[in-house]
Amino acid sequence: MNERAERQRHILVVDDEPLIRQSVQMLLEDDGYIVDEAGSGAEALAMFEPGKFDMVFTDYCMPEMRGDQLAAAIKQRSPKQSVVMITAFPGRFQNPDCPLGGVDSLIIKPFEVDALRAAIARFAHG
């Protein structure tokens, strides 16, 4: 039996670029996930409740709050919450002086839908 048949996974997608956010949302909804989207870290934190989301995908470069800062804030509220960052700048995270903090994994832009699926399979709770 397919795990989605048991319970749909709920995913939060955070990106300040509407086109990216909506593209990720459409890809995930086509796979049968329930997807909420936020255009900023502050908006995401306002929506976030421990246990509500099986997975959070966040961009790194956003005004006011970077993705790693959002991940750290989410982990403070819910330490076991899975957070995967989508970034076009993976090099800065390969430096030991720039740890991932609350981020469980990275997906590098441009990405393929299989990268999202693999992250969900590996990190999503539920």
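The structure displayed is predicted, hence computed values, not measured ones. (Residues numbered from 1 in each chain as written. Predicted model: local features only at pLDDT ≥ 70, side-chain atom pairs only at ≥ 80, totals over all residues. Heavy atoms only, no water.)

Trainee: Looking at this model, I keep getting lost on the overall build of the protein chain. Mind explaining?
Mentor: Scanning the protein chain from N- to C-terminus turns up five helices and five strands. What you see in the protein chain, going N to C, is helices and strands ordered as α-β-α-β-α-β-α-β-β-α. Within the protein chain, counting contacts between residues at least 6 apart in sequence, those at least 24 apart form 63% of the total. Carbon and sulfur atoms make up 51% of the accessible area of the protein chain, which amounts to about 6700 Å² in all. (Helix = DSSP H or I, 4+ residues; strand = E, 2+ residues; numbered from the N terminus. Contact = heavy atoms within 4.5 Å. Areas by Shrake-Rupley, 256 points an atom, 1.4 Å probe, with all protein chains shown as cover.)

Trainee: How do you make sense of the pairing of strand S2 (residues 34–38) when you look at a structure like this?
Mentor: Strand residues, when the strand is regular, have side chains that alternate between the two faces of the sheet. Two elements, strand S1 (residues 10–14) and S2, share five bridges in a ladder whose sense is parallel. Bridged to Val-14 within S2 is Ala-38. (Pairing = 2+ DSSP bridges.)

Trainee: What am I meant to see in the sheet that holds strand S4 (residues 83–87) here?
Mentor: Pairing between the strands of a sheet comes from backbone hydrogen bonds, and it takes one of two forms, parallel or antiparallel. Across the sheet, five strands lie side by side as S2-S1-S3-S4-S5; this open sheet has parallel pairing. Two strands close off the open sheet at either side, each with one partner strand: S2 and strand S5 (105–108). Sheet twist, expressed as the average angle between the axes of neighbouring strands with direction ignored, equals 20°. Here S1 pairs with strand S3 (residues 55–59) via four bridges, running parallel. Bridging across to S3, Ile-11 finds its partner in Met-55. Sheet contacts for helix H4 (residues 67–77): S1, S3 and S4; angle to S4, the most-contacted strand, approximately 175°. Sitting on the sheet, helix H5 (residues 113–123) is in contact with S1, S3, S4 and S5, with an inclination near 135° to S3. (Axes fitted to C-alpha atoms, helices over the stretch in contact; angles between N-to-C directions.)

Trainee: Looking at this structure, how should I read the nonpolar core?
Mentor: A general feature of soluble globular proteins is that nonpolar side chains tend to end up buried together. By size, the foremost hydrophobic cluster in this structure holds 18 residues, and its most contacted members are Leu-12, Val-14, Ala-44, Leu-45, Val-56, Leu-70 and Ile-74. Elements supplying a minimum of two residues to this core: S1, helix H3 (41–47), H4 and S4. By residue number, the principal contributor to this core is H4, which donates four residues. In contact with Val-56, other than residues within four places in its own chain, are Leu-12, Val-14, Phe-48, Ile-74, Gln-81, Ser-82, Val-83 and Val-84. (Core = buried A, V, L, I, M, F, W, Y, C linked by side-chain atoms within 4.5 Å. Buried < 20%, exposed > 50% of the residue type's maximum accessible area, 1.4 Å probe, protein only.)

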